[in-house]
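Structural overview
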Amino acid sequence: YLVSTDFGAKNIERCHHWLFQGLWIGLAYGVFFAILMQFGSVVFSAFGIEKNDADHAMSYLTIMGWSLIPYMAVTVLRQYLQAFGVVKPVAFILVAANILNALANWVLVFGRFGFPNMGVQGAAMATMISRIFMLALGLVFIFYWQRKNAYRIWDHAALPVKKSIRKILKLGMPIGFQMLLEIGAFASCTMLAGKLGAITLSAHQIVLHIASTTFMIPLAISSAGAVLVAQALGEGNRELATRRGWL
């Protein structure tokens, strides 16, 4: 919202400022939750998950947790570009990363091309690799994009600014809390399914992933609408913002 609004107001310099402030917050959150995930065994014990299943889950989380750091950076870059209306390169990066993730899973989970059969740990490593790949591609595109548009993005790299961080958190925390409740509900159901055994848990997870695809299209439409509304507000055109909101 903040980048879209300033973009609508033609305040491009301020947009770059929000990018780096968002990256600081993303880094902090990524490190915090990466460390928190190392203690997942406590939650598994509380839910009564079988030790063998819990051990496999922890071997996954131990690696997966650290992939949150590049993932949070990618999320900030993606939202920044979307606020400018730049979406095709973002889509390309996501598709390429998913293809890489699938190939890396095939190689590392099942031990292809001389790699060891890593099982669950291989799946976590594949996710780590794909997220680092997304971050690398995102940074390469940012460098290309700023040169093409004569933007001086990196001139605005700065340490965290307290006022800006507070403004981002004031806007983002309620949204994050809402998502936490939603994701927490699904996670709790997954933990309960885990009490029924590995096969039941696997079936639940497959169905959950299939079901999650059903809201991708409306989610994408709502995200696009939010960007357009914010840009109109930045332009000072409330009538256009209202019309875009209803559409």
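Described in the following lines is the structure provided in the data block.

1. Here we look at the environment of Leu-23
When you line up the elements, Leu-23 lands in helix 2 (residues 12–36). Considering only alpha carbons, one finds Leu-23 and Pro-160, 137 residues apart in sequence, at a separation of 9.3 Å. The contact partners of Leu-23, leaving out residues within four places of it in the chain, are Ala-73 and Val-76.

2. Thoughts on helix 6 (residues 88–110)
Over its 23 residues, helix 6 runs 33 Å from end to end, which matches the ideal 33 Å to within 8%, given 1.5 Å per residue. Buried within helix 6 we find Val-90, Ile-93, Ala-96, Ala-97, Asn-101, Ala-104, Val-107, Leu-108 and Val-109. Turning to helix 6, the residues buried within the fold contact helix 5 (68–83) and helix 7 (120–148). Looking one or two residues beyond helix 6, the residue adopting positive phi is Gly-111, at roughly 70°.

3. Some thoughts on the side chain of Ser-164
Among the structural elements, Ser-164 can be located in helix 8 (residues 162–194). Residue classification places Ser-164 among the buried residues on the basis of a relative accessible area of 4%. Here Ser-164 is in contact with Arg-14, His-17, Trp-18 and Gln-21, once residues within four sequence places are set aside.

Parameters and conventions
- Residues numbered from 1 in each chain as written.
- Predicted model: local features only at pLDDT ≥ 70, side-chain atom pairs only at ≥ 80, totals over all residues.
- Heavy atoms only, no water.
- Helix = DSSP H or I, 4+ residues; strand = E, 2+ residues; numbered from the N terminus.
- Contact = heavy atoms within 4.5 Å.
- Expected span 1.5 Å × (residues − 1).
- Buried < 20%, exposed > 50% of the residue type's maximum accessible area, 1.4 Å probe, protein only.

Spatial relationships are all this shows, so hold off on functional conclusions.
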